[in-house]
Structures are given as structure tokens and as C-alpha cells.
Amino acid sequence: MQSTLSALSQRVTEAIAEAFQLKPEDVNPRLTRSQDDKFGDYQCNAAMGLAKQLGQKPRDIAQKIVDQLKTDDLCEAPEIAGPGFINLKLTTEYLAGQLTQTPPNPDDAAASEQTGPVRNQTGPVRDRIGIPTVEHAETIVVDMSSPNLAKEMHVGHLRSTVIGDSIARILEFAGHNVHRVNHVGDWGTQFGMLLEFVRQTQPDALEQKGNLVINDLEKFYVQAKKRFDDDPEFADRSRKNVVQLQSHDPNTIAIWEMFCHESLRHCHAIYEILGVENLVDRGESFYGPMLGDVVEEFKTKGHATESDGALCVFLDGFTSRDGDPLPMMIQKSDGGYNYDTTDLAAIRHRIHEMHADRIIYVVGIPQKQHFQMLFAAAEKVGWSSDNNMLTHIGFGSVLGEDGRPFKTREGGSVKLKDLLDEAEARARRVVEQNVEKGGDRSHFDESTINHIARTVAIGAVKYFDLSHNLASDYKFNFDNMLAMEGNTAPYMLYAYARIRSIARKADTANTEENAATSTNAPIVLEHDSELRLARMILRFPEIIDTLLVDLRPNLLTDYLFDLSKAFNMFYDRKQGVRVIDAKPMNIRASRLRLCDITARVLKTGLNLLGINTIERM
RNA sequence: GCGCUCGUAGCUCAGUCGGACAGAGCACCGGUUUCCUAAACCGGGGGUCGCAGGUUCAAGUCCUGCCGGGCGCACCA
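Here is what the cut-offs are and how they apply
- Here, residues in each chain are numbered from 1, in the same order as that chain's written sequence.
- Ligands are numbered from 1 and chains lettered from A, in the order in which they are written.
- Since the coordinates come from a predicted model, pLDDT governs what is reported: local features require at least 70, and pairs of side-chain atoms require 80 or more to be given and counted, while whole-chain, interface and lining totals use all residues.
- For side-chain calculations, the full set of non-hydrogen atoms in the structure is used, while hydrogens and water are omitted.
- Comment: elements are numbered from the N terminus, with helices defined as DSSP H or I runs of at least four residues and strands as E runs of at least two.
- Relative accessibility under 20% of the residue-type maximum defines a buried residue, over 50% an exposed one, and the middle range a partly exposed one, all with a 1.4 Å probe and only protein chains included.
- Only heavy atoms matter for contacts: two residues are in contact if any of them lie within 4.5 Å across the pair.
- Using a 1.4 Å probe, accessible areas were evaluated by the Shrake-Rupley method; residue-level cover was limited to the displayed protein chains.
- We score Asp and Glu as negative and Lys and Arg as positive, and we do not count His or the chain ends.
- All charge positions are set by atom: Lys at NZ, Arg at CZ, Asp at CG, Glu at CD.
- One less than the residue count of a helix, multiplied by 1.5 Å, gives the span that helix is expected to have.
- Within this document, salt bridges are pairs made up of a side-chain nitrogen of Lys or Arg and a carboxyl oxygen of Asp or Glu, the two lying within 4 Å of each other.
- What fixes the domain bounds is an automatic or database domain assignment.
- The cutoff for a nearby residue is simple: one of its non-hydrogen atoms must lie within 4 Å of the molecule or strand.
- Two N or O atoms form a polar contact when they lie within 3.5 Å of each other; inside protein one atom must be a possible hydrogen donor and the other a possible acceptor, and for residues adjacent in sequence the pair counts only when both atoms belong to side chains.
- In the scheme used here, Gly and all other residues not listed as nonpolar or charged are polar, with Ala, Val, Leu, Ile, Met, Phe, Trp, Tyr, Cys and Pro taken as nonpolar and Asp, Glu, Lys and Arg as charged.
- Pairing between two strands is assigned when DSSP locates at least 2 bridges connecting them.
- Between the N-to-C directions of two axes lies an angle of 0 to 180 degrees, each axis being a line fitted to C-alpha atoms and, for a helix, fitted only over the stretch in contact.
- By definition, no residue in a patch forms a salt bridge, and every one has over 30% relative accessible area; like charges are joined within 9 Å, nonpolar side chains (Val, Leu, Ile, Met, Phe, Trp, Tyr) within 5 Å.
- What counts as a ring pair is set by centres within 6.5 Å for rings of Phe, Tyr and Trp (its six-membered ring), and what kind of pair is set by the plane angle: stacked under 30 degrees, edge-to-face over 60, tilted for all other angles.
- Counted as over-ring charges are cases with an Arg CZ or a Lys NZ within 6 Å of the ring centre that also lie within 35 degrees of the ring normal.

1. Notes on the overall build of chain A
Across its full length, chain A carries 21 helices and 14 strands. Principal axes of the C-alpha set define a box for chain A whose edges measure 85 × 70 × 45 Å. Counting all 617 residues of chain A, 51% fall into the buried class. Looking at chain A alone, contacts between residues at least 24 apart form 73% of all its contacts between residues at least 6 apart. Carbon and sulfur atoms make up 47% of the accessible area of chain A, which totals about 29,300 Å². One finds the centroid of the 70 positive side-chain charges in chain A at a distance of 4 Å from the centroid of its 88 negative side-chain charges.

Pasting the structure below:
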């Protein structure tokens with residue numbers, strides 16, 4: 001399955017170059033998808049722009065482009081409309097031909113061997129639906145999730161984790177070599193207090209290695225903080241711990257390692273629920289030994305300036321609240337380092353040691369300026385070679401119903417675990433209600449119900465997050481994300497399950513005479529609803545192309561929703577066509593294959609969002 | 001104060017490199033269970049795109065100013 005948009009763009013580019021004697025690389029074909037079906041599938045907006053440049057009437061220019069345009073194998077005859085739009089409408093033959101060529105699903109063989117009511121999914125979907133990988137695979141680091149180990153993961157980490165994973169999946173799908181890096185906060189002054197609290201509350205933890213268990217990290221932190229504030233002696237010992245940690249005192253390091261290990265166990269329990277895999281934990285401490293070298297490099301290259309006893313890098317275009325140049329501090333006046341230094345060391349390590357071609361930071365918008373400065377510094381010191389190498393994907397905040405930052409009633413941060421548990425409990429209630437209604441679902445056993453509830457709940461939280469524009473804040477709302485109607489995971493998963501159900505029913509309805517398999521049947525498009533569905537399916541490759549440039553998951557959720565709606569129209573009793581009982585046989589096979597390809601696109605698309613599908617729900 | 005970001009239907013949100021009459025879902029009104037699983041489907045009404053200028057053949061989109069919400073601004077990370 002190839003991108004029709006990119007194929008057509010090439011044709012239009014060639015035609016414009018030919019018509020006006022331009023170099024193809026100087027031509028912008030300005031080809032976009034039409035907003036209204038009545039204008040066809042794609043429109044070229046280049047003529048209006050060229051009019052001024054060439055001093056000719058836009059409609060004349062459009063005509064000259066059309067005269068050179070060779071698109072017979074894809075489109076009907078081009079039409080010029082309005083001020084000079086060139087409208088292109090794909091032919092039925094092209095649409096049918098493209099769909100007919102869709103390669104078979106490599107997962108089909110494996111799937112047919114599973115007989116349970118719910119097919120468990122492990123690992124990535126292998127089905128590419130004929131979409132090619134990029135020509136030049138890059139090594140890409142996705143910096144994501146990155147909780148602070150001192151505390152429990154809270155709702156603030158949701159977006160980075162979910163968006164980062166989706167972006168990583170999209171890049172992997174394209175064939176890139178992706179490293180998900182969890183830049184966890186495992187270093188800093190608050191660890192002195194936590195380690196002291198471990199020493200006092202679990203004194204035997206060190207003897208019984210690996211025996212440190214903290215059931216509630218959040219409570220642990222709060223208690224330690226309280227002791228720190230109330231007890232001067234405790235505070236004093238805490239500060240000593242920080243010093244000992246920094247000087248790598250073996251006993252202190254041992255406790256610190258146990259604590260980090262225990263905290264990471266909490267994190268990975270969440271990642272497991274979320275289905276985030278291949279996330280490499282690489283804490284700030286990892287870069288500790290490199291910090292001196294980083295500072296040295298800035299000094300040697302003449303980019304570090306002393307200011308008020310601290311060592312700073314001054315970058316053009318950044319000013320502080322008083323209008324003075326805003327420095328990036330790489331060494332404090334006491335000789336210590338801060339997070340700017342650590343982040344710089346991480347960039348250097350990723351470029352020099354991991355050989356990253358690109359580094360993508362999935363971190364909230366409030367940190368935008370920090371990353372602008374960080375990237376500017378990395379460029380100044382000569383690590384990053386071009387502007388595309390370092391990218392900050394910023395996102396908005398998760399808000400409560402009142403539009404304020406999402407908090408518990410007590411004003412604390414909402415634990416991610418509690419949030420996901422609540423989503424699952426709500427989803428289970430809905431599943432159980434539906435099972436009680438009987439029908440096809442009455443034989444669902446406990447484990448099936450659990451699996452459905454879990455998949456729907458996690459999918460709902462992720463989909464709700466990903467379906468919003470990255471830049472916007474959004475209001476967290478269980479009812480909205482678990483709604484069966486609208487652009488939600490339950491709707492998408494249900495649409496998928498229904499299509500799969502059609503396939504099962506069609507299988508059992510196969511008689512001797514109509515036993516033809518639909519997996520490689522020629523696609524025949526007759527009805528409007530079939531054509532509409534076909535067009536929608538074939539947009540998938542260009543959506544993937546766009547995602548690789550824009551890295552905006554909500555483009556994908558919108559597309560999948562549109563695809564579902566097109567499918568529902570296709571299957572609609574009144575407006576659609578017959579499928580399972582369609583006659584003659586070649587039409588039935590064609591329509592069943594359309595169902596199958598739709599399901600595959602839905603499944604693949606949802607997988608790129610990190611959402612699992614279920615065969616029945 | 002400087003900077004970033006958002007403001008689109010009653011509510012929640014989309015809106016591509018500026019492109020043709022501004023989209024979806026919820027809610028509201030009406031219709032649909034003899035191909036799938038009604039957790040569904042189909043149809044309808046509903047908008048001064050915060051305000052005012054400007055650029056352009058064309059502005060929700062770009063520029064300027066203002067109003068309103070959120071956020072960031074060196075020894076915490």
C-alpha cells in the first residue's frame with residue numbers, strides 16, 4: 001500500500017516543472033486532500049501561488065499544469081475550478097487495484113490456531129499492510145516518562161509515557177532504530193532524607209540484600225519529609241548522607257541502590273500495566289562521572305563564563321526577568337553541578353556513545369525554554385550538527401474537571417496507579433453489565449472479563465490522552481474517555497470487535513459453493529459506501545508519512561475514527577451494502593476482504609498508539 | 001516586566017504548507033434491531049472562530065495591538 005498523496009505530488013511536481021521550465025526541486029506541488037468530496041480526492045493549489053510569480057492568470061497556469069499532467073493511471077481527468085484549483089479524483093480502478101494488491105497478514109496463520117474467546121496479544125503487530133519502511137533507518141533516542149524516584153509516579157507522568165511510547169512505536173514502524181530512555185531522577189538532595197529514613201525504619205534492609213520493600217512510596221516520602229522538618233538531628237544526618245552519596249561511600253551507595261531499585265519496581269509495575277516495553281532506565285546518576293568533562297569541554301572551547309562565582313553559558317536570545325542575559329548554569333559556585341549539566345552530558349552521551357541521529361524529548365511544554373537553551377548550548381559546543389537532531393515534543397497539562405491542575409480532594413498529586421485502577425474498575429462494571437445481558441457474551445469467563453476490562457480501561461486512558469492536540473491542556477474525565485460513542489477507545493475497540501465478528505460469522509456461513517477465501521479476492525467497488533471506505537483505507541499510508549514528520553498522535557486517532565465511521569456507513573443496513581449474504585460470490589469475497597483490511601488498519605493504527613485490540617468484547 | 005502557550009457550537013475537543021459554504025463527539029430532536037455484538041447505526045437543528053486593525057487573489061490559520069485563562073524566567077530538578 002503506497003501513499004497516493006506522495007505519488008500524486010510527484011506527478012504534479014513533474015508537470016509544473018515541465019510546464020514552466022523549472023527545476024523539480026524548486027517546485028512546491030501544494031497538493032492537499034480535498035476538504036469536500038465534491039471536489040474529488042486531492043487538490044493542487046499551486047496555480048494561485050505561481051500566478052504572481054510568473055505574471056500570468058491563475059486559471060491559465062492551472063490549464064498549463066493540467067496539459068502536462070500525466071495521472072491517467074490514478075485519476076479521472078483533472079478539473080480546474082474556482083480561482084485555479086486543480087481537482088483530482090481517484091479512479092475506481094486505481095482504488096480497487098491498490099486494495100487488491102494488499103499483501104496478506106502474516107499474523108493470520110498464528111491467529112487461526114488460537115481458539116479462545118479472546119486472543120491475547122504479545123509483542124508488536126507484524127502486519128505492515130504493505131507499507132514500506134524508510135530508506136535510511138536512523139538511530140533515534142526517545143527521552144520519555146522520566147519520573148523522579150523519590151516519589152510515586154503521578155498523573156503528571158502519564159502524558160510523557162503514553163505519548164513517548166506512541167511516538168517510539170511510530171518511528172519503529174517506519175523502520176528506525178529506537179531507544180526509549182527513561183531519564184529517571186535518582187540523584188539529588190532529597191535522597192539524603194530518604195536514605196536516612198530507610199536507615200531508621202528498616203535498619204536490617206542492608207543485611208538482607210534486596211529486602212527493602214516500600215509499599216507506599218508516596219507515604220514514605222511524606223513521612224521522611226515530616227521527620228526532616230521536625231527533627232534537626234535527622235535533618236543533619238540527611239545532609240551528611242548527601243555528602244556521603246556524592247563521595248560514593250559504599251554503605252550509603254548500597255542503600256541508595258536498594259532504594260532506587262525498589263522505586264523502579266513501582267515504576268515498572270505501571271509500565272507493565274500500560275504495555276510500555278523496552279524502556280531503558282538511565283538515571284541522572286549515570287551521567288555523574290561525565291559532568292566534569294562536559295564542563296571542561298565548554299571551558300576549553302571558550303563557551304563558559306564565570307558569573308557570581310558560578311560557571312555559565314550565555315546564549316543569544318535568552319533574557320531573564322530583569323532583561324539581563326539569561327545564563328545556563330553548568331557549575332554552581334560551590335563546585336556542584338545541576339540538571340543543565342546532567343542534560344548536556346546526556347546529549348553528549350547519546351550523540352557520541354549511542355550514535356543517535358536524533359533525540360526526541362517528550363516533556364511538558366513548561367520546560368520548553370529549558371530545552372531551547374539546552375539545544376542552543378549543544379549546538380554552540382558543536383555536538384549537534386543540524387536543527388533536526390534535537391527535538392522537544394511538548395505537551396499540555398492534565399487538568400481536573402474544574403480546569404485546574406488535576407489533584408486529589410486533599411490537594412495532593414494523583415497517583416498514576418490509582419488512576420489506572422479506577423479506570424479499570426469502571427470499565428469492568430460496564431463489561432459485567434453487558435455480560436449480564438446475555439447473548440454472545442454470556443459465556444465470558446472471569447479471565448476474559450478481566451482481560452476486556454483491562455484492555456478497554458488502559459486503551460481508554462491512552463486514547464483520550466493521544467486524541468488531544470499535544471499542545472492543549474485537557475480535562476481528565478472518566479465518563480468521556482469510557483464513553484461508547486464518539487472518538488474514544490471503547491468505540492474503536494468495539495468497532496474492531498464487530499468487524500472481527502463479521503469475519504467469524506461469514507466463515508461459518510460459508511457453504512460449499514461460496515467457500516472461496518476472501519484473503520486474496522480481487523476488490524470490486526460498486527456502491528458509494530464501498531468507494532468511500534476504500535478511499536479512507538488508502539489514506540492510511542499518507543497518515544503514516546505525516547506522523548513521521550509531525551509526530552502528532554491525534555492525527556492518527558482522528559483518522560481511525562473517520563475510518564470507523566466510513567466502515568459503519570459501508571455496513572449500514574440502509575446506506576451500505578450486504579456483506580455476509582452478498583451475491584454473487586466474487587462480490588461477497590471482495591466485501592469480506594474490505595472488512596478484513598479495515599480491521600487490519602484499525603489494529604495496526606491502534607497498535608501504533610500503544611493500544612491492544614480484543615477479538616470479542 | 002520579558003518570554004511561551006491557549007481562547008472555535010450549551011459542554012468536551014479537532015481544524016494540514018493560508019485554499020473553496022467552519023468540523024466531530026456529547027447533550028437535544030427524529031428514525032433504525034430478518035448480514036456483525038443496540039457498548040451500535042442513520043438523519044436534523046445549533047457558531048460574529050475572544051476583540052480590533054493589517055498582509056493576501058484567499059485568514060480560524062500569518063503580522064501588530066488589546067482583553068481573558070495557564071505556564072516559565074541562574075546556584076531545586
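Having put the structure on the table, let's press on.
2. Here we look at helix α6 (residues 158-173)
With 16 residues, α6 extends 22 Å from end C-alpha to end C-alpha; this agrees with the ideal 22 Å at 1.5 Å per step. Counting buried positions along α6 yields 15 of 16 residues, so the element is predominantly enclosed. Where α6 ends, the next residue or the one after it, Gly-175, has phi of about 105 degrees, a positive value.

3. Considerations on the pattern of salt bridges
Scanning all chains against the criterion turns up 31 salt bridges. The salt bridge partner of Asp-165 is Arg-180, with a shortest N-O separation of 3.1 Å. Of the two residues, Asp-165 is situated in helix α6 and Arg-180 in strand β6 (residues 177-182); the sequence distance between them amounts to 15 residues. Because the salt bridges share partners, they merge into one network encompassing Asp-165, Arg-169, Glu-172 and Arg-180.

4. Re the domain arrangement of chain A
Each assigned domain of chain A is listed here: domain 1 (4-90), domain 2 (190-280) and domain 3 (288-393). Centre-to-centre separation of domain 2 and domain 3, based on C-alpha positions: 29 Å.

5. Quick notes on the protein's contact with RNA strand B
Contacts to RNA strand B come from 72 residues, most closely from Asp-36, Asn-87, Ser-501, Arg-552 and Asp-572. Of everything in RNA strand B that lies within 4 Å of the protein, sugar and phosphate atoms constitute 57%. Contact between RNA strand B and Lys-52: a phosphate oxygen at 2.7 Å from a side-chain N or O atom of the residue. Within the backbone of Val-577, an N or O atom sits 3.4 Å from a base nitrogen of RNA strand B. For the surface near RNA strand B, the element with the most residues is helix α17 (residues 489-508), which contributes 7 residues. Class assignment for the residues of the surface near RNA strand B results in 24 nonpolar, 20 polar and 28 charged.

6. A few points about unusual backbone geometry
Put simply, Lys-583 and Pro-584 share a cis peptide bond, and its omega is -5 degrees. Assignment of secondary structure puts Pro-584 in the loop between α20 (553-571) and α21 (585-608). For His-248, which is not a glycine, the phi torsion comes out positive at approximately 55 degrees. Note that His-248 resides in the loop between α9 (232-246) and α10 (250-274).

7. Comments concerning the sheet that holds β6
In space, the 5 strands of this open sheet follow the order β7-β6-β5-β11-β12, with parallel pairing throughout. The sheet terminates laterally at β7 (279-281) and β12 (390-393), the two strands that pair on one side only. On average, adjacent strands in this sheet sit at an angle of 25 degrees to one another, irrespective of strand direction. Relative to strand β11 (residues 358-362), strand β5 (residues 139-143) is paired through 4 bridges, and the arrangement is parallel. When the sheet's bridge partners are listed, Val-142 is paired in β11 with Ile-360.

8. Details of a negative patch on the surface
Among the surface-exposed residues, Glu-432, Glu-436, Asp-445 and Glu-446 lie close enough to one another that they form a single negatively charged patch. Tracing the sequence through the fold places Glu-432 in helix α14 (residues 416-436). Judged by its relative accessible area of 31%, Glu-432 falls in the partly exposed class.

9. Points about the sheet that holds strand β4 (residues 85-88)
Read across the sheet, 4 strands follow the order β1-β2-β4-β3 without closing on themselves; strand pairing throughout is antiparallel. In this open sheet, the two edge strands, each paired with only one partner strand, are β1 (31-33) and β3 (79-81). On average, each strand axis in the sheet is inclined to that of its neighbour by 30 degrees, with strand direction left out of account. Across 3 bridges, the pairing between β1 and strand β2 (residues 42-44) is antiparallel. Opposite Leu-31, over in β2, you have Cys-44 as the bridge partner.

10. Let's talk about the side chain of Asn-182
Note that Asn-182 resides in strand β6. At 3.2 Å, the side chain of Asn-182 and the side chain of Tyr-271 are in polar contact. Apart from the residues lying within four places of it in its own chain, the contact partners of Asn-182 are Met-144, Ser-145, Ser-146, Pro-147, Tyr-271, Leu-279, Val-280, Asp-281, Arg-282 and Gly-283.

11. Concerning the environment of Gly-610
Within the secondary structure, Gly-610 sits in the segment after α21. Relative accessible area serves as the criterion here: at 11%, Gly-610 is assigned to the buried category. Considering only alpha carbons, one finds Gly-610 and Ala-599, 11 residues apart in sequence, at a separation of 16 Å. Setting aside its immediate chain neighbours within four residues, Gly-610 contacts Asp-165, Arg-169, Leu-274 and Lys-462.

12. Things to note about the environment of Ala-168
Note that Ala-168 resides in helix α6. Residue Ala-168 is classed as buried on the basis of its relative accessible area of 0%. In this structure the C-alpha to C-alpha distance between Ala-168 and Leu-609, which are 441 residues apart in sequence, comes to 9.5 Å. Ignoring any residue separated from it by four or fewer positions in sequence, one finds Ala-168 in contact with Val-142, Val-178 and Arg-180.

13. Some details on helix α4 (residues 92-100)
For α4, every residue scored as buried is listed here: Tyr-94, Leu-95, Ala-96, Gln-98 and Leu-99. Next to the buried residues of α4 lie α1 (4-20), α18 (528-538) and α21.

14. A closer look at the packing of aromatic side chains
Each aromatic ring pair is described using two quantities: the centre-to-centre distance and the angle formed by the ring planes. The full count for this structure, using the stated rule, is 17 aromatic pairs. Ring centres of Trp-187 and Trp-256 lie 5.2 Å apart, and the angle between their planes is 85 degrees; on these two criteria the pair is classed as edge-to-face. Separated by 69 residues along the polypeptide, Trp-187 in the loop between β6 and α7 (190-201) and Trp-256 in helix α10 bring together distant segments of the chain. Classification of Trp-256 as buried rests on a relative accessible area of 10%. For the ring pair Tyr-361 and Phe-375, a centre distance of 5.7 Å and an interplane angle of 40 degrees mean the geometry is tilted. Highlighted residues: Tyr-361 in strand β11 and Phe-375 in helix α13 (residues 368-380), separated in sequence by 14 residues. Between the NZ or CZ atom of Arg-128 and the centre of the ring of Phe-173, over which it lies, the distance is 4.3 Å. The aromatic ring of Phe-286 is capped on one face by Arg-282, whose charged end is 4.7 Å from the ring centroid.

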